[in-house]
Structure formats: structure tokens, C-alpha cells
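Architecture at a glance
Take a look at the letters that make up each chain.
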Amino acid sequence: MRAFTFERAGSAVEAAAAVAARPDARFISGGTNLLDLMKLDIERPAHLVDVSRLPLDRIEDTEEGGLRIGAQVRNSDLAAEPRVRSHYPMLSQALLAGASGQIRNKASTGGNLLQRTRCFYFYDRNMPCNKREPGSGCAALQGFNRMHAVLGASDACIAVHPSDMAVAMAGLGARIETVSPSGETRTIPIDDLHRLPMATPHVETTLGHGEMITAVTLPPSPPGRQIYRKVRDRASYAFALVSVAAIVEKSGDRIRSARIAMGGVAPKPWRATEAEQALAGAVASDRAFTEAAEAALAGAVGHGDNDFKIPLAKRTVRHTLAAAVEGMREVTE
Amino acid sequence: MAETNNRNGPTRRAVLESGAATGLLLATGMPAGAQQPASATAIAATPGPTMPVSLRINAQDFAVELDPRTTLLDTFRNHLGLTGSKKGCDHGQCGACTVLINGRRINSCLTLAVMHEGDEITTIEGLAEGGRLHPLQAAFVARDGFQCGYCTPGQICSAVGMLGEVKDGWPSHASADVAAIVALTDAEIRERMSGNICRCAAYPNIVAAIRDAAGEA
């Protein structure tokens, strides 16, 4: 690990200013991803600003009936929070499907959103990687790419975003609150937080240098049954091959509304809006679920080893929708 | 006080470590290009400025001068003589380094010592009380929950933290309904302990030991 200097920030604005003051400075919170990458000489900050003790660790009700989750709330605390378990169960499910008990106890809400890809070639300094060294090329395109993206990728990068939590948050329509070094705050829809790789895969988010995530707000719990389903190589402590977060609201035998987000398939949590539109008003049937799955993967492109993800994702969407409908009690209003 | 455990002359540990460094290059069988580049080794060896760090470990206060790069695990093992916590992968994947911070289990290899001032840290050395083993330590002995024993301190610290999480009503990926109260089945124990790997595969006895200790708690 390269040498760095270390400071503990006294406030969010102070932290943002401290990072903004140096191009080689980074925030550190849980450190479970950053320190791992620093040991491998992939991340090379010369200054770390510790934000883990900032008073951003509360989960509060919002006026509109949703939840405001501080950026320093640990993944395990968020998963165990009674309001999340009752009203946003797929967020608890997604968090609990990620990492291990030890890592969830350390990893923060903000850090989880900003974690880096686990692409093997990003991790291997001996291989080209446009994300790690812009312009060096992408070894995954012609390499072992069974973990890689089938949606939203580019000729420069086919890495996936590894978070489970962010997929559930995308399905729930979360908003990200940030503070900039000048003290200005802004709110970003989660769909606008992560950028697609295009020609610049090293630019992963729309945040400025020094802009810090302070909270994630969830709108009021949407009507309908929520399910997060994760498909992976082993039953626990593994990244997703494919995951699906689905919320289905029924009215009689028809679907009133549906929300679908996918993980493990794209460089960002992937909201399948075409599939949602295909489901709205349709009779809840396997045919409707199949059509929605086709719509969700309509633009998918395989790269060889990961071709299997396209039919796997379709089946996972179909089964998750079916499970959401079958397990649902009829609501008579 | 950190230096009280320093010994004169070569220790078994130092000999093992120097042997391990050369052994790694021979044993991996990977092409030279796939090894850690020489430059990275040189970077790691460059000493940086140190800072004073106060830590409270097993109800004892320690003051040490540390390079901020020092992980909590390396602080225990290389600066304080607390070698019970083990280094397996050093990347948070194996769980051998698991310790408790304010009662919560974490991977001590994936955190910096400078980030833990003011925390109540418990390592495997701090679990027994007055010579009496912690119930989980006793259960691991009774059930033979190990073979080589290298993962055991991490398994036990992790299990202590895990049973606390169950007591607090936390759900897991194995829970059918995340909003419901959880019963600690074997499937729950296995899922909740998935951050601890045992290469000897003593898992059946580890699960049995945790089941026994949970019943006593």
C-alpha cells in the first residue's frame, strides 16, 4: 500500500472541502472496498479523509411518509431496521444477499453505492483496463467475461456494478442527497448517480470531486409486493450473476403497476422501464411475465462467456414477477 | 507497552515469515508477469510518517506509534503481540481476522487502526473470563469444531458477534420473511457464518458447537 496522510473530518462540509482541496484525496468510511483496492495498488490516494464518525448514521421518517437513510448507516443496521423490513422488504433482502456479516457491519450506505466493479481485469494490474488506466484497452472484451455486462456496456468497458443494495434502491426510486465543498446540497435520482461507461469508463458517477453523499431518501413504500431475487455461483457470499428487484401491484386479475430493476447485468443498477410499461394493465399471467422479461433484455448483447446471462436474466425476471404475484394477497379497496 | 513482547534473536514467527516470502514465488507456479510487480513491493516497504494511536483492546489501553497504513490486524499481530487473530487472505474474504468492535464482528484486515480510537475492541484473547473459557470456546472444544485451528479464532469471534445479532432479532438471507422473528436453524447458522472459511471443512462440528452455545445463551 502506498503511503498516505490521514485526517478525521469534523463535519460533512469540512470533509467535502478537505477532499476537494487535493486531487489525490479520497473519503473513507467502512473501507471494505477502498482498502482492499489500496492493498492491490489499484486505488492510490495520498490523503484519506475519515467520514465514518460523522453524525450521518440515523434513519428518519420523512414528511412525505418515506425514509431518510444517513450515508453512514451501516448495511447491517439498514437491513435490520424494522421500518425497512416491514415497508421496504426487498431492500433488506438485497442487503442481506450481499457480502458477509462482518462486511455488512462495516460497509456504509454511501460507500456501498460508490463501490467499484469486481471485474478481474480491473483488479489485475498486469492487464489493460480502461477503467483503471484510461486508454489502455479492455481485456474483458476478449477475455474471461462470464461475470460481465450484457446491457449498457461499451467497446471501452463491460464491467458490472456489483451492488445488491443499489438495485433495490433503484427499484424503489431512491434519491441521493449530497453536499459539495462550498456547502451546497443537491438531490440526484439514483438512476442519474452512475454513468454508463461509453468512452470514459473511469468516470463512474455524476458526483464532482469532493462532493459527498450525505443521505439516501426513499419515497413512501409503493403499493404491491416486493421481492429481491439473486442468482449466483454459490448460495452465500458471492456476487450476483443476475439479480432482480420487483414490485408488483395487482388490481383484480390485472397488474396495476410494476417496477423492475436488475443487478449483475449492467454497469449500473438497471431499471427495466420497458418491461414495467409492458406489464402495466396486463392480465397477470405467465405470458405477460415472459413478455416483460423479453422487453427487459431486448437490447442485451453477450460477449461469449456471459451469453448465458441473457436467458438467465429473462427467467429470473419471469420467476420473480410470478413469485411477487402468487405470494400477494388480494387487496380490496 | 507495545514493545514488551519483543524478543532477542530470530523468532519462530520471523523465520516462518521470511520463508513464506520466498516460498510464495516458488509455490504459485504463475508466470513472472502475474506476480506482484517489484515496484509494488518497494512501495509497501517505504516507511511513511507515523501518528500516535490509542486503542482499547480487551479492556486494556494501548498507545502505539503507527504508520496510518497499518491495519487493525497488523497492529494486533506486529505491534501488540496479540497474535490470536489470524491473517488468512488479508482481503476480507476468509474471516480468520474477525474481531469485535463495540460488540460487532468485523474483518480486522479491512480496517485501519487509526479509525478505531475510542472503540471497545475484543479479540480472541479477550473472550475468556478469569481463566474460564467463553461458552463458544468451550463448545468448539467439546464439539471438536476445528482441525488445524487456523480459522478458529475468527470463527469463534464471528460466532460471538453472530449470536448477538440473532439476539437483537436481525434477519438473514436464509430467513423466509425478513420482517418475522428468526429461529436459529442450522441453515441460519450456515448462512450467517458464510464470512468464515474453514479449509479443513470442519463445518459440521462448527455448526454443532454454535448450536450448543446458542442453546446455552
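Shown above is the structure to which this text applies.
Computed from a predicted structure; not experimentally measured.

Now for the sheet that holds strand β1 (residues 5-8) of chain A. Residue and element names in this part refer to chain A. Judged by pairing direction, the sheet is parallel, and its 3 strands sit side by side in the order β1-β3-β2 without closing on themselves. At either margin of the open sheet sits one strand with a lone partner, and together these are β1 and β2 (25-28). For this sheet, the mean angle separating the axes of adjacent strands, direction not counted, is 25 degrees. As judged from the 4 bridges shared by β2 and strand β3 (residues 47-50), these two strands associate in the parallel manner. Note that in β3 the partner of I28 across the bridge is D50. Set on the sheet, helix α1 (residues 12-20) makes contact with β1, β2 and β3; between it and β2 the angle comes to about 150 degrees.

Empty space among the atoms becomes apparent when a probe as large as a water molecule is rolled across them. For the coordinates displayed, the defined rule picks out 3 cavities of 30 Å³ or more. Considering only enclosed or pocket space, the largest cavity measures out at about 80 Å³ in volume. Around the largest cavity, the lining residues are S76, L96, G101, R104 and N105 of chain A together with R105, E165, W170, P171, S172 and R192 of chain B. When its residues are assigned to classes, the lining of the largest cavity shows 3 nonpolar, 4 polar and 4 charged. Looking at the second largest cavity, its volume works out to about 70 Å³. Residue lining of the second largest cavity: 15 residues in total, with C119, C129, N130, C138 and C157 of chain A positioned closest to the centre.

With 42 residues of chain A at the interface, the matching set in chain B holds 43 residues. Both faces combined, the contact of chain A with chain B buries some 3500 Å², and carbon together with sulfur accounts for 55% of it. Our count for the chain A to chain B interface comes out at 3 salt bridges. Between R53 of chain A and D119 of chain B there is a salt bridge, with its nearest N and O atoms 3.0 Å apart. Applying the counting rule to chain A against chain B returns 21 residue pairs in polar contact (both at pLDDT 80 or more). Breaking the side of chain A that touches chain B down by element, the ones donating at least two residues are β1, α2 (34-39), β3, α3 (75-80), α4 (82-87), α5 (89-96) and α6 (101-104) of chain A.

Conventions adopted
Residues numbered from 1 in each chain as written. Chains lettered and ligands numbered in written order. Predicted model: local features only at pLDDT ≥ 70, side-chain atom pairs only at ≥ 80, totals over all residues. Heavy atoms only, no water. Pairing = 2+ DSSP bridges. Helix = DSSP H or I, 4+ residues; strand = E, 2+ residues; numbered from the N terminus. Axes fitted to C-alpha atoms, helices over the stretch in contact; angles between N-to-C directions. Contact = heavy atoms within 4.5 Å. 1 Å grid on protein atoms, 1.4 Å probe; cavity = no way out; pocket = protein on both sides within 12 Å on 5 of 7 lines; lining within 4 Å. Points joined across faces, edges and corners; volume = space filled by probe spheres on them. Nonpolar A, V, L, I, M, F, W, Y, C, P; charged D, E, K, R; others polar. Buried area = accessible area lost by both parts, 1.4 Å probe. Salt bridge = Lys/Arg side-chain N within 4 Å of Asp/Glu carboxyl O. Polar contact = N/O pair within 3.5 Å; in protein donor to acceptor, adjacent residues only side chain to side chain.

That is the geometry; function is a separate question.
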